[in-house]
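Structural description and commentary
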Amino acid sequence: MFRVLVLVSGGGTNLQAIIDRVQDGTIKDTEIVGVISNNYGVYSLERAEKAGISSEVVSPKDYPDRSSFNRALLEKIDEKRPDLIVLAGFLVVVPEIVINKYEGKIINIHPSLIPSFCGTGYYGLRVHKAALERGVKVSGATVHFVDAGTDTGPIILQKAVYVQDGDTAETLQQRIMEEAEWKILPEAIALIQEGKVKYEKMADMRN
């Protein structure tokens, strides 16, 4: 079985999309081996419990410094022996020690069409507010591999969503989740599980 570990911070709608597609067989021969949250009391943990998936919290607030948290997070990840780590709304910078050990085995969902509205400071509703302020007609979502940068890893899938007249950040966020995120994140996992997508380091463009 292909072992998937999901990291979350909030309500877990993308987690639910993965659970549903594993349960209905869209994502084949795959087990969600655990859910790790950096926050207590979030609905993601209830979703995991309802699906019979083990879950735990690894919060930076419980550790004296960031390096201690980073080591604790890596230890919890190692315990699950994942083939793939999925960041499904995980709002913590992934520690370098995790990226180095699991290079090519971490993916993230971002609520825009990268390279637009991505990078440091662009997360959650901030992404959609920025898109509306810029006046774009099309937004969407991107699934990409995670590297040492912020939203800079190789793109796996993207899906466009039209911006509608009268959209707020909240309505645009909801439509992008429904029409893009909940579809392409499970699809990307399935492609990786089936060996149809492989990680390749991006060329250094600074030369």
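It should be noted that the structure appears before, not after, this text.
Residues numbered from 1 in each chain as written. Predicted model: local features only at pLDDT ≥ 70, side-chain atom pairs only at ≥ 80, totals over all residues. Heavy atoms only, no water.

Here we take up the pattern of salt bridges. Throughout the structure, instances matching the rule amount to six salt bridges. For Asp24, the salt bridge identified is with Arg21, shortest N-O distance 2.8 Å. Here Arg21 falls in the partly exposed class, since its relative accessible area comes to 29%. With a shortest N-O distance of 3.2 Å, Glu56 and Lys76 are connected by a salt bridge. Of this pair, Glu56 sits in strand S3 (residues 55–57) while Lys76 sits in helix H3 (residues 66–80), and the two are 20 residues apart along the sequence. Through salt bridges that share partners, Glu56, Lys76 and Glu79 make up one connected network. (Salt bridge = Lys/Arg side-chain N within 4 Å of Asp/Glu carboxyl O. Buried < 20%, exposed > 50% of the residue type's maximum accessible area, 1.4 Å probe, protein only. Helix = DSSP H or I, 4+ residues; strand = E, 2+ residues; numbered from the N terminus.)

On to the layout of surface pockets, then. A volume near 890 Å³ is recorded for the largest pocket. Lining the largest pocket are 39 residues, with Gly89, Phe90, Leu91, Asn108 and Tyr123 positioned closest to its centre. Those elements giving two or more residues to the lining of the largest pocket turn out to be helix H1 (13–23), helix H4 (96–101), strand S5 (106–110) and helix H6 (169–193). Looking at side-chain class alone, the lining of the largest pocket contains 15 nonpolar, 20 polar and four charged residues. (1 Å grid on protein atoms, 1.4 Å probe; cavity = no way out; pocket = protein on both sides within 12 Å on 5 of 7 lines; lining within 4 Å. Points joined across faces, edges and corners; volume = space filled by probe spheres on them. Nonpolar A, V, L, I, M, F, W, Y, C, P; charged D, E, K, R; others polar.)

Sheet architecture is open: seven strands sit in the order S3-S2-S1-S4-S5-S6-S7, paired in mixed fashion. Two strands in the sheet have a free side with no partner beyond their single neighbour: S3 and strand S7 (155–162). Sheet twist, expressed as the mean angle between neighbouring strand axes with direction ignored, is 20°. Bridge count for strand S1 (residues 2–8) against strand S4 (residues 84–87) is four bridges, and the pairing is parallel. By the bridge assignment, Val6 is partnered in S4 with Val86. Across the sheet, helix H2 (residues 43–50) lies against S1, strand S2 (30–37) and S3, angled at about 155° from S3, the strand it touches most. (Pairing = 2+ DSSP bridges. Axes fitted to C-alpha atoms, helices over the stretch in contact; angles between N-to-C directions. Contact = heavy atoms within 4.5 Å.)

Within the secondary structure layout, Glu181 lies in helix H6. Among buried Asp, Glu, Lys and Arg side chains, Glu181 stands out as unpaired, with Arg47 the closest opposite charge at 12 Å. Within the local environment of Glu181, its side chain forms a polar contact with the side chain of Asn14, the two groups lying 2.8 Å apart. Residues in contact with Glu181, not counting those within four places in the same chain, are Asn14, Ile109, Pro111, Ala141, Ile176 and Pro186. (Lys, Arg positive; Asp, Glu negative; His and termini not counted. Polar contact = N/O pair within 3.5 Å; in protein donor to acceptor, adjacent residues only side chain to side chain.)

Before going further, it helps to examine the pairing of S5. Two faces make up the sheet, and in a regular strand the side chains alternate between them. Burial of S5 is extensive: five of the five residues sit out of reach of the surface. Of the two faces of S5, both are covered, the one formed by Ile106, Asn108 and His110 as well as the one formed by Ile107 and Ile109. Here S4 pairs with S5 via three bridges, running parallel. Bridge assignment links Ile85 to a residue of S5, and that residue is Ile106. Handedness of the S4-H4-S5 crossover: right-handed. By the bridge criterion, four bridges tie S5 to strand S6 (residues 138–145) in an arrangement that is antiparallel. In the strand pairing of S6, His110 is matched with Thr142. (Right-handed = clockwise from strand over helix to strand, strands pointing away.)

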